[in-house]
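Per-entry structural report
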Amino acid sequence: MISQNFTFDSGLFGFFYRILRPIEWLMTYVMVYCHKFLTFIGFSSGPGVAWVLSVVLLVILVRLLILPLFIKQMMSMRKLQAIQPQMRKIQNKYKGKTDQASKEASSREMMKLYQDNHANPAGSCLPALIQSPIFMTMFYVLSAVPYIARGKREPLGAFTLKISKEFEQTQIFGIHISDNLTTAQGAGKIVIVIFIALMCLTMFYSQFHNTRKNMPRASMEGSQYRMQKMMAYIFPVMYIFSGVAFPFAVLIYWLTNNTWNLGQTLWQVRRMPTPGSPAAEEKQARDRVRENNRREKAGEPSLEDEALAKAKEIQEKQLESGASHQRQQPKRTKSKRKR
């Protein structure tokens, strides 16, 4: 059972959601056209899996749109992580100094460090800032669907009364897509709990793997590192309580998004690790093995043999240079006597 009034249209929430109305309107049309595309390629129209997949396609479209921003974020994070040891030196240098001159000097040195390394502290936050309104509108739209379907709220964008009824009647794993943990019945509650657990696990492992593998070894100490590790444990737990109130469609959106994040993190850590991190050391070892295999097939000497040959060549040149110096006899200078 749902309440008679849609609370998200009133109060402080109503104010923010009215500001986001253009995104809400656009999102409804994206989902409806995704559904039409899926029915066009063979999925059944009406209530069914096509509506579930339209939510998944919405995530994929959003993530593809912000992919350039993710690449920019990834490069910015690599630069910030690489200069953390230098940042810590500046912080320790001015630790305990509260006078204005020390604060200004610390800010100048930190800013110069950012500029010299082309690092932007705000660059890693941009994709998250863009995704937040999209997630908020997704939550709003899917929460509004039952009210639209039952005539308690006016239609929203492409979600007319007919489409909202069709969407609300969609079931997957024996649960309505608009249900949450409190409204689901029987086995539906277990399905929602499983989705919440998977959602939190994917989020946790993404943060944990990045913290454990993709930070410079010099940064794996101190209070800042301990705080990052703590956040990897705390944030997933916090989302457990949020997931209880979300409609099942939002959980599908969220799990898909977290799975995408996890895949991006695994790819980033393996292919573009932060310099000086354990992942960078592992990549260097993999690249060395790959290059030696290539050289073996091409009949070329391995990297180790090549390095040994270069070392011998340098040693021989040094010996020849030393021998030549020893063979050279000192010249005597003749002095003229003054008569």
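Model, not experiment: these values are computed from the prediction. (Residues numbered from 1 in each chain as written. Predicted model: local features only at pLDDT ≥ 70, side-chain atom pairs only at ≥ 80, totals over all residues. Heavy atoms only, no water.)

**A look at the overall build of the protein**
The helix and strand inventory of the protein stands at 13 helices and two strands. For the protein, the residues scored as buried account for 39% of the 339 residues in total. Expressed as a percentage of contacts within the protein between residues at least 6 apart in sequence, the contacts between residues at least 24 apart total 70%. (Helix = DSSP H or I, 4+ residues; strand = E, 2+ residues; numbered from the N terminus. Buried < 20%, exposed > 50% of the residue type's maximum accessible area, 1.4 Å probe, protein only. Contact = heavy atoms within 4.5 Å.)

**Some details on the side chain of Glu 166**
Here Glu 166 lies in helix H8 (residues 161-168). No salt bridge forms around the buried Glu 166; measuring N to O, its nearest opposite-charge neighbour Lys 162 is 6.0 Å away. There is a polar contact of 2.9 Å between the side chain of Glu 166 and the side chain of Trp 51. Sequence-distant contacts of Glu 166, that is, excluding residues within four places in its chain, are made with His 35, Gly 46, Pro 47 and Trp 51. (Lys, Arg positive; Asp, Glu negative; His and termini not counted. Salt bridge = Lys/Arg side-chain N within 4 Å of Asp/Glu carboxyl O. Polar contact = N/O pair within 3.5 Å; in protein donor to acceptor, adjacent residues only side chain to side chain.)

**Overview of the pattern of salt bridges**
With the rule as written, the count across this model stands at 16 salt bridges. Linking Arg 153 and Glu 154 is a salt bridge whose minimum nitrogen-to-oxygen distance equals 4.0 Å. Here Arg 295 ties to Glu 291 by a salt bridge, and the two come within 2.9 Å at their closest N and O atoms. With Arg 295 and Glu 291 both in helix H12 (residues 278-298) and four residues apart, the pair spans about one turn of that helix. Classification of Arg 295 by relative accessible area gives buried; the value is 10%. Linked by salt bridges that have partners in common, Glu 291, Arg 294, Arg 295, Glu 300, Glu 306 and Lys 310 make up one network.

**Examining helix H6 (residues 100-116)**
For H6, with 17 residues, the first-to-last C-alpha span of 24 Å sits near the 24 Å given by 1.5 Å per residue. Within the span of H6, buried status applies to Ser 102, Ala 105, Ser 106, Met 110, Leu 113 and Tyr 114. (Expected span 1.5 Å × (residues − 1).)

**Points about the packing of helix H4 (residues 67-82) against helix H11 (residues 248-271)**
Running from N to C, H4 and H11 point in directions that differ by 45°, and their axes come no closer than 12 Å. Between H4 and H11, the crossing angle belongs to the class labelled oblique. Crossing of H4 against H11: the hand is right-handed. Counted together, Leu 67, Phe 70, Met 74 and Arg 78 of H4 and Gln 264, Trp 267 and Gln 268 of H11 form the full contact between these two elements. (Axes fitted to C-alpha atoms, helices over the stretch in contact; angles between N-to-C directions. Parallel < 35°, antiparallel > 145°, perpendicular 65-115°, else oblique. Left-handed = near helix turned anticlockwise from the far one by under 90°.)

**Quick look at unusual backbone geometry**
Here Phe 173, not a glycine, exhibits a phi torsion of approximately 55°, which is positive. In this structure, Phe 173 sits in the loop between strand E1 (171-172) and strand E2 (175-176).

**Observations regarding the environment of Phe 167**
Tracing the backbone through its elements, the reader meets Phe 167 in helix H8. In this structure the C-alpha to C-alpha distance between Phe 167 and Ser 178, which are 11 residues apart in sequence, comes to 8.1 Å.

**Focus: the nonpolar core**
Side chains of a nonpolar character, in soluble globular proteins, are inclined to be buried together. Within the largest apolar cluster, 49 residues are counted, with the highest numbers of intra-cluster contacts made by Met 31, Met 138, Phe 159, Phe 167, Ile 192, Phe 248 and Leu 251. Among the elements of the structure, helix H2 (21-40), helix H3 (49-65), helix H7 (126-149), H8, helix H9 (187-213) and H11 are those that each provide at least two residues to this core. Examining the composition of this core, we find that 10 residues originate from one element, H7, more than from any other. If we skip the residues at most four places from it in the chain, Met 31 touches Trp 51, Ser 54, Val 55, Leu 58, Met 138, Leu 142, Phe 159 and Phe 167. Ile 83, Ala 105, Met 110 and Leu 113 belong to the second-largest nonpolar core, a separate cluster that totals 10 residues. (Core = buried A, V, L, I, M, F, W, Y, C linked by side-chain atoms within 4.5 Å.)

**Notes on the packing of aromatic side chains**
For the coordinates displayed, the defined rule picks out 12 aromatic pairs. Ring centres of Phe 15 and Phe 16 lie 5.5 Å apart, and the angle between their planes is 70°; on these two criteria the pair is classed as edge-to-face. Within the aromatic cluster, the residues linked to one another by ring pairs are Trp 25, Tyr 29 and Tyr 33. Above the ring of Tyr 33, the side-chain terminus of Lys 36 is found at 4.9 Å from the ring centroid. (Phe/Tyr/Trp six-rings, centres within 6.5 Å; stacked < 30°, edge-to-face > 60°. Lys NZ or Arg CZ within 6 Å of the ring centre and 35° of its normal.)

**Digging into a nonpolar patch on the surface**
A surface patch of nonpolar side chains, about 510 Å² in accessible area, is lined by Leu 12, Phe 15, Phe 16, Ile 19 and Met 136. Tracing the chain through its elements places Phe 15 in helix H1 (residues 11-19). (Patch = residues over 30% accessible without salt bridge, like charges linked within 9 Å, V, L, I, M, F, W, Y side chains within 5 Å. Areas by Shrake-Rupley, 256 points an atom, 1.4 Å probe, with all protein chains shown as cover.)

**Concerning the packing of H2 against H3**
Orientation of H2 relative to H3, taken along the N-to-C sense of each, is 120°, at an axis distance of 8 Å. Put simply, H2 runs oblique to H3. H3 is crossed by H2, and the crossing has right-handed handedness. Counted together, Met 27, Val 30, Met 31, Val 32, Cys 34, His 35 and Leu 38 of H2 and Ala 50, Trp 51, Leu 53, Ser 54, Val 55, Leu 57, Leu 58 and Leu 61 of H3 form the full contact between these two elements. When its residues are assigned to classes, the contact of H2 with H3 shows 13 nonpolar, two polar and no charged. (Nonpolar A, V, L, I, M, F, W, Y, C, P; charged D, E, K, R; others polar.)

**A word on the environment of Leu 181**
Relative to the elements of secondary structure, Leu 181 occurs in the loop between E2 and H9. When the C-alpha atoms of Leu 181 and Phe 248 are compared, they prove to be 8.2 Å apart, with 67 residues separating the residues in sequence. When neighbours within four sequence positions are excluded, Leu 181 is seen to be in contact with Lys 189, Ile 192, Val 193 and Val 244.

**Here we look at the confidence of the model for the protein**
In regions of low pLDDT, the predicted coordinates are not meant to be interpreted in detail. Averaged over the protein, the pLDDT score is 81; the fraction of residues at 70 or greater is 88%. Per-element mean pLDDT across the protein ranges from 74 in helix H10 (residues 222-245) up to 91 in H2. (pLDDT = per-residue confidence, 0-100.)

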